[in-house]
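Overview (structure and organization)
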2 protein chains.
Amino acid sequence: MMKIVKNPPPSSWEQLTKRPALDTAFLEGTINNILSRVRNGGDQAVIQFTKQFDKVEISNLEIPLETIKSAGDQLDDELKPAIQTAAANIRKFHAAQANGLLDMETSPGVQCWRRSVPIEKVGIYIPGGTAPLFSTVLMLAIPANEAGCKEIILCSPPGTDGHIHPAILYAANITGVTRVFRVGGAQAIAAMAYGTESVPKVYKIFGPGNQYVTAAKQKVSQEGIAIDMPAGPSEVAVLADETARPDFIAADLLSQAEHGPDSQVVLVTTSETIASETASELRKQLSRLPRVQVAIKALENSLAVVVPDLETGVDFINAYAPEHLIIACKDDEIVSERIINSGSVFLGNYTPESAGDYASGTNHTLPTNGAARAYSGVSLESFQKKITYQKISAEGLVNLGPVVETMAAAELLEAHKNAVTIRLNAIKSTIS
Amino acid sequence: MMKIVKNPPPSSWEQLTKRPALDTAFLEGTINNILSRVRNGGDQAVIQFTKQFDKVEISNLEIPLETIKSAGDQLDDELKPAIQTAAANIRKFHAAQANGLLDMETSPGVQCWRRSVPIEKVGIYIPGGTAPLFSTVLMLAIPANEAGCKEIILCSPPGTDGHIHPAILYAANITGVTRVFRVGGAQAIAAMAYGTESVPKVYKIFGPGNQYVTAAKQKVSQEGIAIDMPAGPSEVAVLADETARPDFIAADLLSQAEHGPDSQVVLVTTSETIASETASELRKQLSRLPRVQVAIKALENSLAVVVPDLETGVDFINAYAPEHLIIACKDDEIVSERIINSGSVFLGNYTPESAGDYASGTNHTLPTNGAARAYSGVSLESFQKKITYQKISAEGLVNLGPVVETMAAAELLEAHKNAVTIRLNAIKSTIS
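Source: prediction; values computed, not measured.

**A few points about the overall build of chain A**
Scanning chain A for helices and strands turns up 17 helices and 14 strands. Put simply, chain A has 432 residues, and 61% of those count as buried. Here the contacts in chain A between residues at least 6 apart in sequence split such that 75% fall between residues at least 24 apart. For chain A, the exposed area adds up to about 15,900 Å²; of that, 50% sits on carbon and sulfur atoms. Between the centroid of the 37 positive side chains of chain A and the centroid of its 47 negative side chains there is a distance of 6 Å.

Pasting the structure below:
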């Protein structure tokens, strides 16, 4: 089931680390149609698409505040405190990400500073389906709230009964979401990008979704609406030496594999024994899982790579740039310092990826599909912009002005030069 | 020439702050052709496009290190120290943007931390044309170098003599650019996105360019190559009260207008006198400019808005979200604290935008076209990713594990739950 490759030459790594191509071009017609109909038709178009795709007739899109506030009553007594504990950890880790004010005199009389400012209006998309993804509400709304965003809009598709799962509403209620709408799919992205009578237009859209949601986010990002990051199937890589436990590794690989048939699962190990024992543990544990068919399909793309030493293993991991990386090695901390391409890293035998998915405090919205080479996961900063400022005194301009004049003239931008010259002349005439 | 609008009602602001639509869809065929030919043909395709578009036959793409190192010899004695002073200020302001290590115990036994890691390979595009934009080399290569990027590739089109201007090479040499290629246009973006025999593939591409470059960057960003930000024509807004000087304002508006016929120029003022005097100063100064035709065209889209008070002026500015904002008001610092949507802000009468364009220390690569609502300008962080880490002790998992199990079960993700359960069972059996 899991393909084991021994000591592959570096020349083969690009092929080995390749993800299946995600082509959403064939959706373009459908997406363009949904976007333009919502843009022009507003709420009515959204209501129509909700009937067509979600099979439910609704007359109003917004979930009343009362419903949101009382959603916790419908959750069992274990789940509520679990969500609260996770929320507290996530809040702690994200609150600490606030940047201090940067303020300095770069040269005499030239003061430069920088301020982090919340994005005023943000939108969060939470997929529907059988499982309510309330954990993603925590991961997106908590940093939005900590950043100080004024409007935090949440859209999620209604079930066929017209409702949104109370766990999603409860998570929204305790994290500072300002308004919730029962709208899903590409029409939800369109509503948040363009605004409708009910749904406010936002400046940045976050959250996972199916291929329609992904394609719609990509499309509106071309029109100036910011999005969190490019989306792709979830991935985990495990880097293991002989101290790792095959039963733990197998459990971690399966927790990734149950996400969907296109999930990516890779084991890189210095130990052939670990590779083969993990393969047999996988077979053993798989049979006990409810989502066995999904996991089997995902494991078909899985890979165990046996490497001659940890150094090669680290190089392979950096070439793969996995969303999640588990380092199950004796010297996990030393190894972790050599990782340059990954979204989030889990160290040691007692740190399963699912801890970070829910409750350790780090964010679970992470770059997939190799994007970790250039992208970070969602953080407090994803909900802020940084504005730079400068204030130059008359003396400062007397000092620095000639530098600007010389450079502007060399770039043949005379008016740029003149904006300095006219001021320097005014300063001279005041002095003399 | 400059249209003056008095006390426009807020309902008209959306229309007033609208930029001309940037439609590059008609370029799609051309861009797709260039991208796919470079992807498949490598250097030979690039050389062919260089002949076709840049009208020059070259046999090798890379500029030899010797040429780069000696480029300063061709610059005059004023320009070199000017570039060095600007570079020092820019380096100072960007070096201070480094984030400290974030490291905390979010709950007992659960250690979470975050590290900023340089993007390994980045590409910088510098446009060609009559004026050598060496200032943009400083703005992009300095933060790349400070961030610790290993490969900093620069592409710029050759002139018809096959050369790149020595000021660009000099700026590259003093800022830590690792390799320079004489390639321009969409073929340069393709070469950096896919790699050729000569040009290494990079993970993120920065820099301004014409509509072909912009469209190519947008296209490769859909394919997983990160880009700095969406591009649009440059903009300045001036917020002025009665203490402002119309001759300074006019000089600033013109320095923006000379960038191109599609540049955006807006004056927001509480004083009708300032508005009309600025209009006549514009006419006066315009006649003295070499790029008068370009500036006249840009000023046709320009706008002076007279507002009843500064508060309304600030609201209008936030609705417009300008790339550059000059605050020429008595209480400039107080006013600046209410700005939430702008790329970079210039305070007082002695801080022309051109100071920030070249030498104050802030970055001049900034969000245009209203993108300042959700985007920041380029900074040190644009060249880094943040990787999160977590390490949980056995005791930590005993504490936090049940929270993860409860949440995973509620999301119907049994394998996620099991990755915790299997470890908790192992811990229990060790203890007992």
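Next, the rest of the story.
**A short note on the confidence of the model for chain A**
Within chain A, residue pLDDT values average 94, and 100% of them lie at 70 or more. Interface confidence for the predicted complex, given as ipTM, is 0.95, next to a pTM of 0.95.

**Observations regarding the environment of Phe93 of chain A**
With respect to the secondary-structure elements, Phe93 of chain A resides in helix H5 (residues 79-95). When the C-alpha atoms of Phe93 of chain A and Thr136 of chain A are compared, they prove to be 16 Å apart, with 43 residues separating the residues in sequence.

**A word on the state of the cysteines**
Residue and element names in this part refer to chain B. Inspection of the entire model under this criterion finds zero disulfides over all chains. The structure places no disulfide on Cys155, whose sulfur is separated from the nearest cysteine sulfur, that of Cys149, by 16 Å. On the basis of relative accessible area, Cys155 is assigned to the buried category, the value being 0%.

**Quick word on the pattern of salt bridges**
Counted under the stated rule, the structure contains 34 salt bridges over all chains. When the shortest N-O distance is used, the salt bridge between Lys391 of chain A and Asp332 of chain B registers 3.1 Å. On the criterion of chain membership, the pair formed by Lys391 of chain A in strand E14 (residues 384-392) and Asp332 of chain B in helix H14 (residues 332-336) is interchain, its members lying in two chains. Here Asp332 of chain B falls in the buried class, since its relative accessible area comes to 6%. Ionic pairing is found between Glu57 of chain B and Lys51 of chain B, a salt bridge with its closest N-O pair at 3.9 Å.

**Describing the packing of aromatic side chains**
This structure, assessed with the given rule, holds 10 aromatic pairs over all chains. Ring plane angle 15 degrees and centroid distance 4.0 Å describe the contact between Phe206 of chain A and Phe383 of chain A, whose orientation is recorded as stacked. Of this pair, Phe206 of chain A sits in strand E7 (residues 204-206) while Phe383 of chain A is found in the loop between helix H15 (353-358) and E14, placing the two residues 177 residues apart along the sequence. Under the relative-accessibility criterion, Phe383 of chain A is labelled buried at 0%. Ring centres 5.3 Å apart and planes at 75 degrees place the aromatic pair Trp13 of chain B and Phe316 of chain B in the edge-to-face group.

**Notes on the relation of the copies chain B and chain A**
You can overlay chain B on chain A at an RMSD of 0.0 Å; the transform is a turn of 180 degrees with a shift of 0.0 Å along its axis. Taken together, the rotation and translation describe the operation of a two-fold axis. Proximity to the rotation axis, assessed at the C-alpha, singles out Asn99 of chain B in chain B; its C-alpha lies 3.7 Å from the axis. The share of interface residues of chain B whose copies in chain A are also at the interface is 99%, consistent with both copies meeting through the same surface.

**Points about unusual backbone geometry**
Residues and elements named next belong to chain A. Positive phi values are uncommon outside glycine, yet Leu412 reaches one of about 60 degrees. Within the element layout of this structure, Leu412 appears in the loop between helix H16 (394-410) and helix H17 (414-431). With a relative accessible area of 41%, Leu412 lands in the partly exposed category.

**Side note on the interface of chain B and chain A**
The partner chain A presents 117 residues to the 118 residues of chain B that form the contact. For the pairing of chain B and chain A, the buried interface totals around 10,200 Å² over both sides, and the portion due to carbon and sulfur atoms is 60%. Summed over the shared surface of chain B and chain A, the result is 10 salt bridges. For Glu381 of chain B, the salt bridge goes to Lys386 of chain A, with nearest N and O atoms at 3.7 Å. On the surface where chain B and chain A come into contact, there are 70 residue pairs in polar contact (both at pLDDT 80 or more). With 10 residues, helix H17 (residues 414-431) of chain B is the single largest residue contributor to the side of chain B that touches chain A. Residues of the side of chain B that touches chain A, tallied by class, amount to 58 nonpolar, 36 polar and 24 charged. As paired elements, strand E13 (residues 344-347) of chain A and strand E14 (residues 384-392) of chain B share four bridges and run parallel to each other. Note on E14 of chain B: the bridge partner recorded for Leu347 of chain A is Lys391 of chain B.

**Notes on the side chain of Ser263 of chain A**
All names here are of chain A. You can see Ser263 is positioned in the loop between helix H10 (246-257) and strand E10 (264-269). The exposure class assigned to Ser263 is buried, which follows from its relative accessible area of 1%. Among the polar contacts made by the side chain of Ser263, one reaches the main-chain carbonyl oxygen of Gln256 at a distance of 3.2 Å. Residues contacting Ser263, with those up to four places away along its chain left out, are Pro233, Ser234, Gln256, Ala257, Ala298 and Asn301.

**Regarding the pairing of E14 of chain B**
Residues and elements named next belong to chain B. The buried count for E14 comes to eight of nine residues, which makes it a mostly enclosed element. One ladder, built from nine bridges, connects strand E3 (residues 110-118) with E14; its direction is antiparallel. Within E14, the position partnered with Val117 by the bridge is Lys385.

**Concerning the sheet that holds strand E8 (residues 226-227) of chain B**
Residues and elements named next belong to chain B. Pairing is parallel in the open sheet, where five strands are placed in the order E6-E5-E4-E7-E8. Here the strands that pair on one side only, and so sit at the sheet edges, are strand E6 (179-181) and E8. Examined bridge by bridge, strand E4 (residues 121-125) and strand E7 (residues 204-206) share three bridges and lie parallel to one another. Across the sheet, Gly123 pairs through a bridge with Ile205, a residue of E7.

**Overview of the sheet that holds strand E3 (residues 110-118) of chain A**
With respect to topology, nine strands assemble into an open sheet ordered E2(A)-E3(A)-E14(A)-E13(B)-E12(B)-E9(B)-E10(B)-E11(B)-E1(B), the strand pairing being mixed. Two strands in the sheet have a free side with no partner beyond their single neighbour: strand E2 (102-107) of chain A together with strand E1 (3-6) of chain B. Geometrically, the sheet is characterised by an average inter-axis angle of 20 degrees between neighbouring strands, direction not taken into account. In the packing of helix H11 (residues 272-286) of chain B onto the sheet, the strands contacted are E1, strand E9 (235-240), strand E10 (264-269) and strand E11 (303-306) of chain B, and the crossing angle to E10 of chain B comes to about 150 degrees.

**Remarks on the side chain of Asn89 of chain A**
Position of Asn89 of chain A among the secondary structure elements: in helix H5. For Asn89 of chain A, the side chain forms a polar contact with the side chain of Ser107 of chain B, separated by 3.3 Å. Filtering out sequence-adjacent residues up to four positions away, Asn89 of chain A remains in contact with Ala359, Ser360 and Gly361 of chain A together with Thr106, Ser107 and Leu400 of chain B.

**With respect to the packing of H5 of chain A against helix H7 (residues 166-175) of chain A**
All names here are of chain A. Relative to each other, H5 and H7 sit at 40 degrees, their axes nearing to 11 Å. As summarised for this structure, H5 and H7 are arranged oblique, according to the angle between their axes. By crossing handedness, the relation of H5 to H7 is classed as right-handed. Residue-level inspection shows Leu79, Lys80, Ile83, Gln84, Ala87 and Arg91 of H5 in contact with H7, the latter providing Ala167, Tyr170, Ile174 and Thr175. A breakdown of the residues in the contact of H5 with H7 according to their chemical character gives six nonpolar, two polar and two charged.

**Concerning the pairing of strand E13 (residues 344-347) of chain B**
Residue and element names in this part refer to chain B. Here E13 shows a buried face lined by Ser344 and Phe346 and a second buried face lined by Val345 and Leu347. Pairing of strand E12 (residues 324-328) with E13, which is carried by four bridges, proceeds in the parallel orientation. Across the sheet, residue Ile326 finds its bridge partner in E13, namely Phe346.

What counts and how
Residues numbered from 1 in each chain as written. Chains lettered and ligands numbered in written order. Predicted model: local features only at pLDDT ≥ 70, side-chain atom pairs only at ≥ 80, totals over all residues. Heavy atoms only, no water. Helix = DSSP H or I, 4+ residues; strand = E, 2+ residues; numbered from the N terminus. Buried < 20%, exposed > 50% of the residue type's maximum accessible area, 1.4 Å probe, protein only. Contact = heavy atoms within 4.5 Å. Areas by Shrake-Rupley, 256 points an atom, 1.4 Å probe, with all protein chains shown as cover. Lys, Arg positive; Asp, Glu negative; His and termini not counted. Charge placed at Lys NZ, Arg CZ, Asp CG, Glu CD. pLDDT = per-residue confidence, 0-100. Disulfide = S-S within 2.5 Å. Salt bridge = Lys/Arg side-chain N within 4 Å of Asp/Glu carboxyl O. Phe/Tyr/Trp six-rings, centres within 6.5 Å; stacked < 30°, edge-to-face > 60°. Least-squares fit on C-alpha atoms with pLDDT ≥ 70 in both. Buried area = accessible area lost by both parts, 1.4 Å probe. Polar contact = N/O pair within 3.5 Å; in protein donor to acceptor, adjacent residues only side chain to side chain. Nonpolar A, V, L, I, M, F, W, Y, C, P; charged D, E, K, R; others polar. Pairing = 2+ DSSP bridges. Axes fitted to C-alpha atoms, helices over the stretch in contact; angles between N-to-C directions. Parallel < 35°, antiparallel > 145°, perpendicular 65-115°, else oblique. Left-handed = near helix turned anticlockwise from the far one by under 90°.

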